[in-house]
Amino acid sequence: MGIIVQKFGGTSVGSIERIRSAAQRVIKETEQGNQVVVVVSAMGKTTDALVSLAAQLSDNPSKREMDMLLSTGEQVTIALLSMALQAEGKQAVSLTGWQAGIETEEFPSNARIVNIKTERIIGLLDKGNIVIVAGFQGMVKESGEITTLGRGGSDTTAVALAAALGAARCDIYTDVTGVFTTDPRVVSSARKIPSISYDEMLEMANLGAGVLHPRAVEFAKNYQVKLEVRSSQEEERGTLVEEEATMEQNLMVRGLAFEGNITKITVSNLPNGIETLSSLFSTLADNGINVDIIIQNVVNESTTNISFSIDSSVLAETQEVLAACQEELGFESIITEGGLAKVSIVGSGMISNPGVAAKMFKGLSQKGIMIKMVSTSEIKVSTVVSQADMVNAVETLHDVFELDVRQPAHQL
Ligand code: ASP
Ligand code: MG
């Protein structure tokens, strides 16, 4: 017997019917003799609907009031799920984030959890209750302000509670059956991954695989919380996210991530000095511009070209910032190339297998796909290609690395 944390995402509690079926999942877990803490998201698209209500009143609503507003979504779900369990004759209690002891820093709309006081939850569990906690929210201890953890933050609530309670497992119930090699809506041969390491999952989540909140994965890694991402509708087992050592095989490439809407900017003929890079990128950072891949090309002893990629949505702003500092930085011109996409391969087996990047580049070149930028980490290679080539690139790499071949099943 142990504590299990179950988390249900928006779709999985999107109607009264779904809430009833989530309640059945919870009951099943208690029947295994486990104590269960449930974390829920707001029902369906409630959070989006609340955001658009606010947008009708203001272009820039106060972050404090946004937290006040958005935190109501999860509060509806906890009460309803608790009622559904009580209707089945179970003892259940719902708690808001602050009632559950979740303390955050004072950073409205994107607060981090700093501490969880678990006494109340443990007391309730020990009296035989199922405890249902509102995801995505907490409170600042000093000021008593309600905060939210950033969009998608209920995953983080669940993992943080699992860590604080020393839970045996944290199950993330969602509307897909697990983490896939790539988006199955784009590549029909995409497969469910039986198990994936924290580091691989973190790369995938940061590269935009939306199934888990990146901060939740980071938390899980730091506290060694075993996660399983699985369907709330189907019985089949999902994807285990766990430490490398327990995994059966380090695949060179475990998954592919991709995103469009990228622009490459080249700043040409910058004077080549010790502070060149630092002044250029500090200026961008000071203006809140997020830069992804960076490439430096030394032209000659005295000048250099620097290219970097940004999300196309911040192009106008980036051009303004650069224009304003052209004289000070002393570069000649700015060249922009839009309509680009990033396609990345992720796999921890890359560390010990040379030639993975070469295989990727060869596969793309054989299809006539031009690579415009590259960046790597120990377990990831990202390429920037034309957006028109994106789907072809993803399909090609899915084949090249044989991701459609069934991976060995894990022991559960
Ligand atoms: N309800 C919040 C959102 O939609 C938090 C979550 O679902 O994880 O972002
Ligand atoms: Mg989510």
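Residues numbered from 1 in each chain as written. Chains lettered and ligands numbered in written order. Predicted model: local features only at pLDDT ≥ 70, side-chain atom pairs only at ≥ 80, totals over all residues. Heavy atoms only, no water.

An unreviewed UniProt entry lists the protein under the name Aspartokinase, from Fictibacillus aquaticus. Recorded in UniProt under Function (unreviewed entry), the annotation for the protein is "Catalyzes the phosphorylation of the beta-carboxyl group of aspartic acid with ATP to yield 4-phospho-L-aspartate, which is involved in the branched biosynthetic pathway leading to the biosynthesis of amino acids threonine, isoleucine and methionine." (UniProt positions renumbered as here; feature names shortened; annotations may be inferred.)

Let us look at the nonpolar core. Within the largest apolar cluster, 44 residues are counted, with the highest numbers of intra-cluster contacts made by Val37, Ile121, Val133, Leu161 and Cys170. Ignoring sequence-local partners within four residues, the contact set of Ile121 consists of Val37, Leu95, Ala100, Val131, Val133, Leu161 and Leu165. (Core = buried A, V, L, I, M, F, W, Y, C linked by side-chain atoms within 4.5 Å. Buried < 20%, exposed > 50% of the residue type's maximum accessible area, 1.4 Å probe, protein only. Contact = heavy atoms within 4.5 Å.)

Within the secondary structure layout, Leu161 lies in helix H5 (residues 154-165). Given a relative accessible area of 0%, Leu161 falls into the buried group. With 149 residues separating them along the chain, Leu161 and Ile310 place their C-alpha atoms 35 Å apart. When neighbours within four sequence positions are excluded, Leu161 is seen to be in contact with Val5, Val37, Val39, Ile102, Ile116, Ile121 and Val133. (Helix = DSSP H or I, 4+ residues; strand = E, 2+ residues; numbered from the N terminus.)

Taking the numbering used here, the UniProt-annotated feature "binding site: substrate" (unreviewed entry) corresponds to Thr47 and Glu74. With the annotated positions falling across 28 residues, the maximum pairwise C-alpha distance of 8.8 Å places them together in a single cluster. For Thr47, the location among the structural elements is in helix H2 (residues 46-57). In contact with Thr47, other than residues within four places in its own chain, are Ala42, Leu70 and Arg151.

Moving on: the packing of aromatic side chains. Applying the stated criterion across every chain yields a total of three aromatic pairs. Arranged with centres 4.8 Å apart and planes meeting at 10°, the rings of Phe8 and Tyr173 form a pair that is stacked. A residue pair is termed long-range when its members are at least 10 positions apart, and Phe8 in strand S1 (residues 3-8) and Tyr173 in strand S9 (residues 169-174) qualify at 165 residues. The same class applies to Phe8 and to Tyr173, which are both buried. Arranged with centres 5.2 Å apart and planes meeting at 25°, the rings of Phe219 and Tyr223 form a pair that is stacked. Within this pair, Phe219 and its partner Tyr223 are both found in helix H7 (residues 214-223), separated by four residues, close to a single helical turn. Relative accessible area serves as the criterion here: at 53%, Tyr223 is assigned to the exposed category. (Phe/Tyr/Trp six-rings, centres within 6.5 Å; stacked < 30°, edge-to-face > 60°.)

We now examine the sheet that holds strand S17 (residues 373-377). In sheet architecture, strand pairing relies on hydrogen bonds along the backbone and comes in two forms, parallel and antiparallel. Strand order in the open sheet formed by six strands is S14-S15-S13-S16-S18-S17, and the pairing between neighbours is antiparallel. Each edge of the sheet is formed by a strand with only one pairing partner; in this case those strands are strand S14 (294-298) and S17. The mean inter-strand angle of the sheet, taken between neighbouring strand axes irrespective of direction, is 30°. Across five bridges, S14 lies against strand S15 (residues 303-311) in antiparallel orientation. Across the sheet, residue Gln296 finds its bridge partner in S15, namely Ile306. Packing against the sheet, helix H11 (residues 356-366) makes contact with strand S16 (333-346), S17 and strand S18 (380-386), and its axis sits at approximately 20° to S18. (Pairing = 2+ DSSP bridges. Axes fitted to C-alpha atoms, helices over the stretch in contact; angles between N-to-C directions.)

All residues in the neighbourhood of ligand 1 are listed as Ser41, Ala42, Thr47, Glu74, Phe136, Arg151, Gly152, Gly153 and Ser154. At a separation of 3.0 Å, an oxygen atom of ligand 1 approaches a polar side-chain atom of Ser41. Tallied by class, residues from the shell around ligand 1 come to two nonpolar, five polar and two charged. (Near = heavy atom within 4 Å. Polar contact = N/O pair within 3.5 Å; in protein donor to acceptor, adjacent residues only side chain to side chain. Nonpolar A, V, L, I, M, F, W, Y, C, P; charged D, E, K, R; others polar.)

Let us now look at unusual backbone geometry. Glycine aside, residues mostly have negative phi angles, and peptide bonds mostly take the trans form. Backbone geometry places Asn269, a non-glycine residue, at a positive phi of 50°. Here Asn269 shows up in strand S13 (residues 255-271). Unlike most non-glycine residues, Glu402 shows phi in positive territory, near 50°. Take Glu402: its relative accessible area is 54%, and that puts it in the exposed class.

Time to look at the side chain of Ser12. Inspection of the secondary structure assignment puts Ser12 in the loop between S1 and helix H1 (16-31). A polar side-chain atom of Ser12 sits 2.8 Å from a polar atom in the side chain of Ser232. Residues in contact with Ser12, not counting those within four places in the same chain, are Arg18, Ile19, Ala22, Tyr173, Thr174, Asp175 and Ser232.

Before going further, it helps to spend a moment on H11. Turning to H11, its buried residues number three or more, namely Val356, Met360, Gly363 and Leu364. Down the axis of H11, the buried set is contained in an arc of 95°. They therefore lie on one face. In H11, those exposed residues whose orientation departs by more than 90 degrees from the buried face are Lys362 and Gln366. At the C-terminal side of H11, Gly368 shows a positive phi close to 70°. (Arc of directions from axis to C-beta.)

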